[in-house]
Each structure stands twice: as structure tokens, then as C-alpha cells.
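Spelled out from the first residue to the last, the chains are:
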Amino acid sequence: MKKQILAAGAAVGFVLTSLAPSALAETPITLNAGAAHWYFSSDRDLQDMNTPWVGLEWAFSDAWAAEISFAQDDANNENFPGTDTEVTLANLGMKYYGGSYIVDEAASIAQGTRLRPYAVVGAGYFSMDPNRAGGEKEEDTTINAGLGVRWMLTSRFSASLDARTIYNVDKSNNDTIAYLGLNYYLGNVSPAPVAQSTACADGDGDGVCDEFDACLNTPPNTRVDSTGCPLPVAQVASIKLKVNFAFDSSTVQEKYFTDLGELAKFLKRFDQVDVSIDGYTDSVGDATYNQGLSQRRAQAVVDMLVKTYGIAPSRLKAVGFGESNPVASNDSAEGRAENRRVMASLEVEYEE
């Protein structure tokens, strides 16, 4: 007669075995099991009885939970002595809890004094199946409501007691059932982490506490490292070179020696930088000849930087562009003079 309740109990045991190790996953499920006592309506002709029950809750929040429960056992039939009737009740309902699962382990919960009162409402299925020849099974719809309390023995394990009125919609009568149970909760039971205050004395306002600040009194808006000291400031250094040439000449004129010396100093300061020396001509003459002339002009500047100022040849590259990229019109003598040139441009970012 009790095969259903045994099967349900085995199912709850399987769920407990499989889910309990994952309690840290904070699954909001409560596993319930225990004993109940029936107080039957007088028109049922059944003796009051004890019955095992099992249940499951799913918490939607710290206060609300959906519940499903199942109870089944045999009650003695007063009209047919020596026979009994299998009574089954399955409920689906909602619980509203006072108090909270979120507790302080060192406070009242650790002392076993934490109570969580609750109210429950629901609907269910009720059946009576006489275990005698000629007995007819009755199946009814019920609604129920009740009050209870949950005694939190630990942050997860508790005992519960509640009483409920079971109203039979089809027969318009009332039964009463009292549930005594043990409960195991798999949800979150720890308070949320409390944000630690980061307030500290910071006299220069650089975001580093004075007690850890190795460079106090840095100026406002100064970028600092984790020790409060100024970070290197990015600087940009640049230089441009323009050397003009006489018509059909690749000889560097003396007036440009100072400019070449400044470029050499720049290259020695930033000794990881390479540079392209670009040569050009005006448009007078054959284009092929002008291409070669522009290359010779660029090479003349490279040779002076290497031989006179000691710059490594590997850092310099001479490139002739011929008549291309004029900076002035070739229609005038002044414009053509501007176009007969060698140019170099460098920009370097560094930190101080």
C-alpha cells in the first residue's frame, strides 16, 4: 500500500544525494520529509492516522517559495472493521516566510534559536481507495491554507511544524493535517560581502594614501605610479633638414654645414633612430638624368654625415626622387632653385 510514498521518499533521497555536494552552487531548493497527522472529517468514517510525507520547495526570493508535497498511508475504516483505506494527498502551493535564510553564523542561528514563521496556501489532489471488495475509489480536488514555523538548527538544516485546513471542493467538507518535518536548504545563506572603506588621508590628492605615498605633495593633476611618484612625461623631439643645390650640382654648400651638424647631434642623442635622406631636382633636363642627379645629391649628404660627423652608415638611407614632388613651381628660376634640394624629417617621442 505504501509503494508510492516509498518511491517518493527514494526520489527525494536521490535528489538530496546528488544536490547536497553542490550546495555551494546555491541552488534555491529546500528538501522536506517527515510525518503528518490526519484529522479526518466525521463524514469520511476514517480513523485519524499518522502518515509519512515528502516535499520540495523552490525559493523565488528570500520570502517566497513554491511547494509540492505528497503524503500517503492506510487509514482504518470505522464502518468496515478490519479493513483500511489508502489515503493520498498531493499539494501544490505557495509559502510566504518571515525572517531570512541570510544569516550570521556567529549570531542566533549558531545557538539554534532562529525561527522563520510562514503562511501557506495551495491546491491539490485527494483520493480514498478502500482496500476491500466492492470499495470504490474516490478522487477529489482540494484547496488548503495554513500557518507554520521553521526552526533553523543551522544555516541550512531546520525542523518545521505547520497545520493546514484541507477543504474538499467536491464534497464541501474539511480535513485538518499537521506536518512535522525536517528540511535541508541548498540556497544562499551567506550575507553579501560588505564593501571595505577605502577612505584614507591623501594630502596631495593623487589617489595614493599618504602612508603609502613615497612622493608626497605632488602637483595637482600629476600622473603618478602605485607609490605616488610622478610617471615619466612623454616628450616629442623633431628636426627638419633642407639642403638646396646649385643647378646640375651634387655638392653640399658650406652654408648648410651647421644644419647638418644639428641633424648629426639629433641622431647621436636618439641613437636608435634611422633616417631617410631624400633627394630631388627641378624639371630642367632629361628625367632619367635627373633621377640619377637626385640620388647623387642624397648620397652626398649621407657621405658628409658619415665621414664628417661619425653617423653609422646603417642608420642612413639615400633615396633619389628625381623631378617628383616639387615644393614650388618649375616655371620660375626661384621655384626651380627651391626644387633642387635634399630633405630629411624626424620626430621622436621620449620620456623624461
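Model, not experiment: these values are computed from the prediction. Along each chain, residue indices are assigned from 1 in the same order as the chain's sequence is written. The model is predicted, so local features are restricted to residues of pLDDT at least 70 and side-chain atom pairs to those at 80 or more, both for listing and for counting; the totals for chains, interfaces and linings are taken over all residues. Each side-chain value is worked out from all heavy atoms of the structure, with water and hydrogens disregarded.

A closer look at the overall build of the protein
Under the DSSP-based scheme used, a helix requires at least four consecutive residues in state H or I and a strand at least two consecutive residues in state E, with every element numbered from the N terminus. Helices and strands together make up the secondary structure of the protein, namely four helices and 12 strands. Relative accessible area decides the class of each residue, using a 1.4 Å probe on protein chains only: under 20% of the type maximum gives buried, over 50% gives exposed, and in between gives partly exposed. For the protein, with 352 residues in total, the buried portion stands at 40%. Across the protein, the fraction of contacts at a sequence separation of at least 24, relative to all contacts at a separation of at least 6, is 61%. About 19000 Å² of surface is accessible on the protein, with carbon and sulfur atoms providing 57% of the total. We call two residues in contact whenever any of their non-hydrogen atoms come within 4.5 Å of each other. Computed with a 1.4 Å probe, the accessible areas rest on the Shrake-Rupley method; for each residue, only the protein chains presented here act as cover.

Things to note about the packing of aromatic side chains
Centres within 6.5 Å are what make two rings of Phe, Tyr or Trp a pair, Trp counting through its six-membered ring; a difference in plane orientation under 30 degrees is then read as stacked, over 60 as edge-to-face, and the rest as tilted. Counted according to the given criterion, the structure contains seven aromatic pairs. For the ring pair Tyr 97 and Tyr 118, a centre distance of 5.2 Å and an interplane angle of 55° mean the geometry is tilted. Taken together, the residues span a long stretch of sequence, with Tyr 97 in strand E4 (residues 84-97) and Tyr 118 in strand E5 (residues 114-130) at a distance of 21 residues. The same class applies to Tyr 97 as to Tyr 118, namely buried. When the centroid spacing of 5.0 Å and the interplanar angle of 50° are considered together, the rings of Phe 266 and Phe 270 count as tilted.

Focus on the layout of surface pockets
Using a 1 Å grid laid over the protein atoms alone, points where a 1.4 Å probe fits but cannot get out form a cavity; open sets with protein on both sides within 12 Å along at least 5 of 7 lines form a pocket; any residue with an atom within 4 Å of a point counts as lining. Grid points are joined across faces, edges and corners, and a volume is the space filled by probe spheres set on the points. In this structure, the largest pocket encloses a volume near 230 Å³. What lines the largest pocket is a set of 15 residues, among which Arg 44, Asp 45, Asn 77, Met 128 and Glu 138 lie closest to the centre. For this classification, Asp, Glu, Lys and Arg are treated as charged, while Ala, Val, Leu, Ile, Met, Phe, Trp, Tyr, Cys and Pro are nonpolar and the rest, including Gly, are polar. In the lining of the largest pocket, the residues fall into four nonpolar, four polar and seven charged.

What to know about the confidence of the model for the protein
The predictor's confidence in any single residue is recorded as pLDDT, a number from 0 to 100. A residue-level look at the protein finds 86% of positions with pLDDT of 70 or above and a mean pLDDT of 85. Taken as a whole, residues 19-24 scores under 50 in pLDDT and shows nine contacts with residues more than four places along the chain or in a different chain.

Thoughts on the nonpolar core
To form a nonpolar core, buried Ala, Val, Leu, Ile, Met, Phe, Trp, Tyr and Cys residues must be joined to one another through side-chain atoms within 4.5 Å. Within the largest apolar cluster, 31 residues are counted, with the highest numbers of intra-cluster contacts made by Val 252, Leu 260, Leu 263, Ile 277, Val 301, Leu 305 and Leu 346. Contributing elements (two or more residues each) for this core: strand E9 (234-244), helix H2 (257-269), strand E10 (275-279), helix H3 (287-307), strand E11 (316-320) and strand E12 (341-351). Here this core gets six residues from one element, more than from any other, and that element is H3. If we ignore the near neighbours within four places in the chain, the residues touching Leu 260 are Leu 241, Val 252, Val 301, Met 304, Leu 305 and Tyr 309. Membership of the second largest hydrophobic core comes to 15 residues, among which are Phe 40, Met 49, Ala 71 and Tyr 179.

Description of the sheet that holds strand E7 (residues 157-168)
Here the rule is simple: two strands pair whenever DSSP picks up at least two bridges between them. Strand order in the closed barrel formed by eight strands is E1-E2-E3-E4-E5-E6-E7-E8, and the pairing between neighbours is antiparallel. Strand-to-strand, the axes of this sheet are offset by a mean angle of 25°, without reference to chain direction. Relative to E7, strand E6 (residues 138-152) runs antiparallel, the two sharing 11 bridges. Paired with Arg 150 across the bridge in E7 is Ser 160. Only C-alpha atoms enter the line fits that serve as axes; for helices the fit covers just the stretch in contact. Angles between N-to-C directions range over 0 to 180 degrees.

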